[in-house]
Amino acid sequence: AEDVINKSIPLVIDALNTISITEEMADFTFSDIGTADGGTSLKLVDELIHSIRKKRPKLDINIVYADQPKNDFNSLVNTVHGLGHFPSYLETVDNVYPFFSANSFYKQILPDNSLDFGFSATAMHWLSKKPCDISHHVHMVGAKEAEYLIFSEQGKKDWETILLYRARELKKGGKLVFLNFCRDENGKYLGNTSGVNMFGNFSQNWKEFFEQGRINLNEYQRMTLPQYYNTVEEFSAPLKHPNNKVYRAGLRLKHIETHITPCPFAESFKNHKEARRFAEEYIPTIRSWNESIFFGALDNDRTLEERNQIIKAYYQMYQDQVQSSPEMHRMDYVHAFIVAEKI
């Protein structure tokens, strides 16, 4: 995730340079939306601050870190204030004020016309809700017909909701840069760039657990990740079509491009060639963002120990597969880099 953000820094600085930072401005407000622990964006925020300082050396800068209420805000505060594992930009600059907001991007985070620059990375693929269970897969990339259309409609609605709230927050001339998971022009998406399709593997393994009687039919069908990966066209539509309410709210698409960021574990394996090491490093990263969803699909009347054993066995199965054919597994990130402006 940090590699993706660092790759976007030139795009962010270019967008910043198109914003008019006048002598009359009392302050500049930047928001990192869906920030998690704030660690992956430290370099970007530092670069942004120094770019602003070149124009207005003494300008007050507000950095608003926003995430949903259940986010680990203790870790976020520690990171931003340099109390965690990394040094903070706050140690080298003055007149920079961090703020922390427990609001999701499905709500308005800042007052109307108060935001100069909004940013978000690898967060907005999470839907506001799961619109339905997918019968024979775990993710919308494998959904068919009616179930796919239900997810598509939810994805469209949620993307417009996100943009409408940002349109309210942004000042005229303000910019948004979003780095969002996508399905690119060649049909590639997270974990589906070469070799084993990651979501297909999730689904096949979960099906095998069902066929073995380790989970029941309800648990098998209930396991659906509440995510949607937009295409370039889907991301662009509300920002380009004059009849869309997002367009009417003043947001315009300035730029969109797709990027594939190589899986660091797979790249490292090319050098060390240790299959077991690769598998042991790779699986915990996968578990970090989907284990809670798999666990939540299990029946509540199972004991906690029983549910934990199922989940442990499930990821061990995946880890064994990676170890047996490491060259076939990788989790490349596929993003759309989006720049929008409020006119």
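What counts, and at which threshold
Residues numbered from 1 in each chain as written. Predicted model: local features only at pLDDT ≥ 70, side-chain atom pairs only at ≥ 80, totals over all residues. Heavy atoms only, no water. Helix = DSSP H or I, 4+ residues; strand = E, 2+ residues; numbered from the N terminus. Rg over C-alpha atoms; globule rule 2.2 N^0.38 Å. Buried < 20%, exposed > 50% of the residue type's maximum accessible area, 1.4 Å probe, protein only. Contact = heavy atoms within 4.5 Å. Areas by Shrake-Rupley, 256 points an atom, 1.4 Å probe, with all protein chains shown as cover. Axes fitted to C-alpha atoms, helices over the stretch in contact; angles between N-to-C directions. Parallel < 35°, antiparallel > 145°, perpendicular 65-115°, else oblique. Left-handed = near helix turned anticlockwise from the far one by under 90°. Nonpolar A, V, L, I, M, F, W, Y, C, P; charged D, E, K, R; others polar. Core = buried A, V, L, I, M, F, W, Y, C linked by side-chain atoms within 4.5 Å. Phe/Tyr/Trp six-rings, centres within 6.5 Å; stacked < 30°, edge-to-face > 60°. Pairing = 2+ DSSP bridges. Right-handed = clockwise from strand over helix to strand, strands pointing away.

S.K.: Can you tell me about the overall build of the protein chain, naming the residues and giving the values?
M.R.: Counting secondary structure elements, the protein chain contains 11 helices and 8 strands. The C-alpha radius of gyration of the protein chain comes to 21 Å, within 12% of the 20 Å expected for a compact globule of 343 residues. Seen along its three principal axes, the alpha-carbon backbone of the protein chain occupies a region of about 70 × 45 × 40 Å. Classification of the 343 residues of the protein chain by burial places 52% in the buried group. Sequence separation of at least 24 residues holds for 81% of the intrachain contacts in the protein chain that already meet a minimum separation of 6. For the protein chain, the exposed surface amounts to about 15,700 Å²; the carbon and sulfur share of it is 48%.

S.K.: Provide a residue-level description of the packing of helix H5 (residues 198-211) against helix H10 (residues 275-297), including the pertinent values.
M.R.: Running from N to C, H5 and H10 cross one another at 50 degrees; their axes reach a closest spacing of 13 Å. It follows from the interaxial angle that H5 and H10 lie oblique. Judged by the twist between their axes, the crossing of H5 over H10 is right-handed. In this structure, H5 uses Met198, Phe199, Phe202 and Trp206 to contact H10, whose residues at the interface are Tyr282, Ile286, Trp289, Asn290, Phe294 and Ala297. Looking at the contact of H5 with H10 residue by residue, the classes come out as 9 nonpolar, 1 polar and no charged.

S.K.: Please give an account of the nonpolar core that cites residues and values.
M.R.: By size, the foremost hydrophobic cluster in this structure holds 78 residues, and its most contacted members are Phe28, Tyr89, Phe117, Met198, Phe202 and Trp206. Contact partners of Phe28, with chain neighbours within four places excluded, come to Leu16, Ile19, Ile21, Ile52, Leu59, Asp60, Ile61, Asn62, Asp116 and Phe117. Membership of the second largest hydrophobic core comes to 26 residues, among which are Ala123, Leu176, Phe235 and Val334.

S.K.: Break down the packing of aromatic side chains for me, citing the residues and quoting the values.
M.R.: Inspection of every chain in the model, using the stated rule, returns 25 aromatic pairs. Relative to Phe117, the ring of Phe30 lies with its centre 5.7 Å away and its plane at 55 degrees, an arrangement referred to as tilted. One end of the pair, Phe30, is in strand E1 (residues 27-33); the other, Phe117, is in strand E4 (residues 115-121), with 87 residues separating them in the sequence. Overall, Phe30 belongs to the buried group, its relative accessible area being 0%.

S.K.: How would you explain unusual backbone geometry if you had to name every residue and give the values?
M.R.: A positive phi angle, close to 55 degrees, is found at Asn113, a residue other than glycine. Turning to its location among the elements, Asn113 is positioned in the loop between strand E3 (96-101) and E4. Residue Asn113 is classed as partly exposed on the basis of its relative accessible area of 46%. Even without being a glycine, Glu145 presents a positive backbone phi close to 45 degrees.

S.K.: An account of the pairing of E1 is requested, with residue identities and associated values reported.
M.R.: The element E1 is largely enclosed, with a buried count of 6 among its 7 residues. Pairing of E1 with strand E2 (residues 60-66) involves 7 bridges; the strand directions are parallel. In the sheet register, Asp27 faces E2, and the bridge partner there is Asp60. Taking the sense of rotation as the criterion, the β-α-β connection linking E1, helix H2 (residues 42-55) and E2 turns out right-handed. Here 3 bridges tie E1 to E4, and the two strands are oriented parallel to one another. For Ser31, the partnering residue across the bridge sits in E4 and is Gly118.

All we've got here are geometric facts, nothing functional implied.
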